[in-house]
Amino acid sequence: MTTALNSPDLGDVFAYIDAHRQEYLDRLFVYLRQPSISAHGLGIAETAEHIAGVMAPLGLAPRIVPTAGWPMVLGTRDDRPGTPTVLLYGHYDVQPPDPLDAWVSPPFEPTIRDGRIYARGVGDNKGQHFAQILGIEATLACRGALPCNVKVLLEGEEEIGSPRMPAFVRDHRADLGADLVVTSDGPVDENGLPVLRFGVRGVINFELRARGANRDLHSGNWGGVAPNPLWTLVHLLGTMKNEHGDVTIDGFYDAVGPQTPLEQAALAALPVDLDATMRSLDVTQLDAPADRGFYERLSAWPTFTINGLHGGYGGPGSKTVLPHEAFAKCDMRLVEAQTAEDIFARVEAHVRRHAPGVEVIWQGAMDPSRTPIESPYTAPLRAAITAAQGAPQLVPAMGGSLPDYVFTKTLGLPAFQIPYANADEANHAPNENLEVERFFNGIKTGAALLAHLGAMRRAGG
Ligand SMILES: [Zn+2]
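Everything numeric in this text was worked out from a predicted model, so none of it was measured. (Residues numbered from 1 in each chain as written. Predicted model: local features only at pLDDT ≥ 70, side-chain atom pairs only at ≥ 80, totals over all residues. Heavy atoms only, no water.)

Participant: For the environment of alanine 455, give the residues involved together with the corresponding values.
Facilitator: The topology assignment puts alanine 455 in helix H14 (residues 436–458). Expressed as a C-alpha distance, the spacing of alanine 455 and glycine 135, which sit 320 residues apart in the sequence, is 16 Å. (Helix = DSSP H or I, 4+ residues; strand = E, 2+ residues; numbered from the N terminus.)

Participant: Mind laying out the pattern of salt bridges, listing which residues take part and the relevant values?
Facilitator: Applying the stated rule across the entire model yields 22 salt bridges. Measuring nitrogen to oxygen at the nearest pair gives 2.6 Å for the salt bridge that ties arginine 143 to aspartate 12. Placement of the pair is arginine 143 in helix H4 (residues 122–143) and aspartate 12 in helix H1 (residues 11–19), with a sequence separation of 131 residues. According to the relative accessible area criterion, arginine 143 is partly exposed, its value standing at 40%. Note that arginine 21 and glutamate 437 form a salt bridge whose closest N and O atoms lie 2.6 Å from each other. Taken together, the residues arginine 21 in helix H2 (residues 21–32) and glutamate 437 in helix H14 connect sequence positions 416 residues apart. On the basis of relative accessible area, glutamate 437 is assigned to the partly exposed category, the value being 42%. (Salt bridge = Lys/Arg side-chain N within 4 Å of Asp/Glu carboxyl O. Buried < 20%, exposed > 50% of the residue type's maximum accessible area, 1.4 Å probe, protein only.)

Participant: Residues and numbers for the coordination of the zinc ion, please.
Facilitator: Each donor-metal-donor angle would ideally measure 109.5 degrees in four-coordinate tetrahedral geometry, or 90 or 180 degrees in six-coordinate octahedral geometry. Taken together, the protein ligands of the zinc ion are Asp124 (OD), Glu159 (OE), Glu159 (OE) and His428 (NE2), with distances of 1.9 to 2.4 Å. The site at the zinc ion holds four donor atoms, and with the angles between them running 56 to 133°, its shape is irregular. As a motif over one chain, the donors of the zinc ion read D-x34-E-x268-H. Taken together, the residues aspartate 124 in helix H4 and histidine 428 in the loop between strand E18 (415–417) and strand E19 (433–435) connect sequence positions 304 residues apart. Note on aspartate 124: relative accessible area 5%, which makes it buried. Assessed through its relative accessible area of 43%, histidine 428 is described here as partly exposed. (Donors = N, O, S within 2.8 Å, 3.2 Å for Na, K, Ca; no water. Tetrahedral: all angles 85-135°; square planar, octahedral: opposite > 155°, others 65-115°.)

Participant: Just give me the short version of the packing of helix H3 (residues 44–55) against H4, but keep the residues and values in it.
Facilitator: Where H3 meets H4, the axes come as close as 11 Å, and the angle between the chain directions of the two elements is 25°. In terms of their interaxial angle, H3 and H4 are classed as roughly parallel. When you trace H3 past H4, the crossing you get is right-handed. Across the interface between the two elements, Thr47, Ile51, Val54 and Met55 of H3 pack against Lys126, Phe130 and Ile133 of H4. A breakdown of the residues in the contact of H3 with H4 according to their chemical character gives five nonpolar, one polar and one charged. (Axes fitted to C-alpha atoms, helices over the stretch in contact; angles between N-to-C directions. Parallel < 35°, antiparallel > 145°, perpendicular 65-115°, else oblique. Left-handed = near helix turned anticlockwise from the far one by under 90°. Contact = heavy atoms within 4.5 Å. Nonpolar A, V, L, I, M, F, W, Y, C, P; charged D, E, K, R; others polar.)

Participant: Please give an account of the pairing of strand E10 (residues 202–211) that cites residues and values.
Facilitator: Burial runs high along E10: seven of the ten residues are buried. Pairing geometry for E10 and strand E14 (residues 325–334), over ten bridges, is antiparallel. Residue asparagine 205 lies in a different strand from E14, and its bridge partner there is aspartate 331. (Pairing = 2+ DSSP bridges.)

Participant: Outline the packing of aromatic side chains, listing residues and values.
Facilitator: Summed over the entire model, instances satisfying the criterion amount to ten aromatic pairs. An angle of 70° between the planes, with centres 5.7 Å apart, marks the rings of phenylalanine 198 and phenylalanine 416 as edge-to-face. Here phenylalanine 416 lies in strand E18 and phenylalanine 198 lies in the loop between strand E8 (195–197) and strand E9 (199–200), a separation of 218 residues in the sequence. Between tyrosine 253 and tryptophan 301, the aromatic rings sit 6.1 Å apart at their centres with planes inclined by 75°, giving edge-to-face as the arrangement. In this pair, tyrosine 253 is assigned in the loop between helix H7 (229–238) and helix H8 (261–269) and tryptophan 301 in the loop between helix H10 (294–300) and strand E12 (303–311), connecting sequence segments 48 residues apart. Overall, tryptophan 301 belongs to the partly exposed group, its relative accessible area being 25%. (Phe/Tyr/Trp six-rings, centres within 6.5 Å; stacked < 30°, edge-to-face > 60°.)

Participant: Help me get a handle on the sheet that holds strand E15 (residues 359–366), residues and values and all.
Facilitator: Sheet architecture is open: four strands sit in the order E12-E14-E10-E15, paired in antiparallel fashion. Each edge of the open sheet is held by one strand with a lone partner, namely E12 and E15. Geometrically, the sheet is characterised by an average inter-axis angle of 15° between neighbouring strands, direction not taken into account. Bridge count between E10 and E15: six bridges; the pairing is antiparallel. Residue pairing in the sheet places isoleucine 204 in a bridge with alanine 365 of E15. Relative to the sheet, helix H11 (residues 340–354) contacts E10, E14 and E15, its axis offset from that of E15 by approximately 165°.

Any functional reading would require information that these geometric values do not contain.
Below you can see the structure in the form of structure tokens.
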């Protein structure tokens, strides 16, 4: 693989990008002024038309593909048979901007202050995929053709949970045929360094619901007689995770594989100041088990979190009530190769055995996704990021969840994330922003990854 990295010269493309900064900002601002709030449907059709109109002159032959919800925008350009085809995924929808009065400048009037562009959707995700598209444009302007083949998939429902993505990807395998997927979304880490990520944890949300009598009761008249559903849940939860931090549901860890040597090395190399982190949280120790590295916890292990435990009385003073129902809201973060379906079945079996009267209610899930660092595409992507913005940290999987499994599991493709946004981008919050330089670094990275992927196969890789 190293022989394939004959570092393509990007000097002319980077100079072109530097010479077009104002024009690129102006065009990004036009895109940002267009609201595209998937939760309400506001501006969705116009925004899909707009971005398709940006893609058309680049020879990407964009199509606006209807779904049962908001449409997908799909483009493709095959310049170099025999070189890799990269599928660039992003989303053109944005979160609602509320609360409006918390914005310093209006959410759909992009404004630059202190080196940052402020606008709803600038980081999440318009600025990031627009940068990738401009990387294509700059390459075409300088070279007349792309060094590899490109597909672009822009979704209009990411901010409402991508409900149509699994079926869309299943039904459009041919349209989405590629060698790898690259997503630029979300922020880099707190340290601000460039990042190349290889996966995400999955997640299951569920609720445990216990019932006692048909009404709340007096704890003196009925305590010791009527069962207490809060105690039922406390005992049940106690059988699901022990004080050493182990989830004690049969088979919970069965599918969890060891980290490869490269993954272990990557996790160990991620910088963290544990003392500062604990100080910032006002805690004196991390969760059990104690012998796990900080990033190993977030990347390599599944979790079981009680999000909330509700029932009875929680107001001021006391109330001697014996509650008639109790709920526990829970989530589990899953790692490769656990599946939400299998883990949920194990939770149900556990609850049937230990507290048969308790209901387990499925509230949604996403499978985990992991691409091995050993992938042949790691080297060119790493080199591209290095050329555009400096050497990236390699993160085997981020702690949170994204529907990347549709690419890795449904399409069977390696999938990578190259986020461009600053860690404090305030996505989903008022005053969302993207540092101006990160936008331009994103354009350069977008151009560089095409060049490095193209160089890969031509050099015999
Ligand atoms: Zn978002």
